[in-house]
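Chain by chain, the residues:
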Amino acid sequence: MSDLLVSIRHAKPADAQALSHVFESAWREAYRGIIPGLALEKMLTRRGPRWWRSTVTRGRPLVVIDLGQGVAGYISYGRCRDRSLPAEGEIDEFYLLPEYQGVGLGRRLFQAARNDLRDRGMGRVAVWALADNERACAFYEGMGGRRITRVEERIGGAPLAKVAFLFADTRAS
């Protein structure tokens, strides 16, 4: 029997290839059939290792879940960018490789980001998801998120609905 070492840490430039792989694999799994094919391919093409190397060194936290043999997912977060939402913090992106979904790693990574945001004074956190991404919506609801608004956005010429979830700080004051 062997132990699996799971660590949650800040991404490094050396993670660029792995981040690109997670992004592409997760997006193909989550958005095939939702985002029009050509638009999806263009989005994937823009997010290669070079893009990730530069992103890792920017200001917003980018955290990975590393299983010892490689990165299985990532989460990006910071101050809420949408002033119309009743949230201080926002989770911008959150993706796991498809083969690691549904085994609890996402819960760990999501909670780590929530804890970091809370420690930075951002107890109310918003997350956007495409409404047709039923798996993501079910995950956010299962984690205690409450749907607070729905907007429509055009992606690749197709109107797609996005839903904002709000997570409130549940710690005792």
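Residues numbered from 1 in each chain as written. Predicted model: local features only at pLDDT ≥ 70, side-chain atom pairs only at ≥ 80, totals over all residues. Heavy atoms only, no water.

1. Observations regarding the pairing of strand E7 (residues 158–167)
- For E7, a buried count of nine out of ten residues is recorded, marking the element as mostly surrounded by other parts of the structure.
- Pairing between strand E5 (residues 125–130) and E7: six bridges, direction antiparallel. For Val125, the partnering residue across the bridge sits in E7 and is Phe167.
- Relative to E7, strand E6 (residues 146–155) runs antiparallel, the two sharing nine bridges. Within E7, the residue paired with Val151 across the bridge is Lys162. (Buried < 20%, exposed > 50% of the residue type's maximum accessible area, 1.4 Å probe, protein only. Helix = DSSP H or I, 4+ residues; strand = E, 2+ residues; numbered from the N terminus. Pairing = 2+ DSSP bridges.)

2. Digging into the nonpolar core
- In this structure, Ile75, Ile91, Phe110, Tyr140 and Phe167 are the most contacted members of the largest nonpolar core, which totals 28 residues.
- Of all the elements in the fold, those that place two or more residues in this core are strand E2 (62–66), strand E3 (71–79), strand E4 (89–96), helix H4 (105–119), E5, helix H5 (134–142) and E7.
- In terms of residues, this core owes the most to one element, H4, which gives five residues.
- Here Phe167 is in contact with Phe110, Arg114, Gly123, Arg124, Val125, Val127, Tyr140, Met143, Gly144 and Gly145, once residues within four sequence places are set aside.
- Among the nonpolar cores identified, the runner-up in size contains 25 residues, and Leu19, Ile34, Trp52 and Ile155 belong to it. (Core = buried A, V, L, I, M, F, W, Y, C linked by side-chain atoms within 4.5 Å. Contact = heavy atoms within 4.5 Å.)

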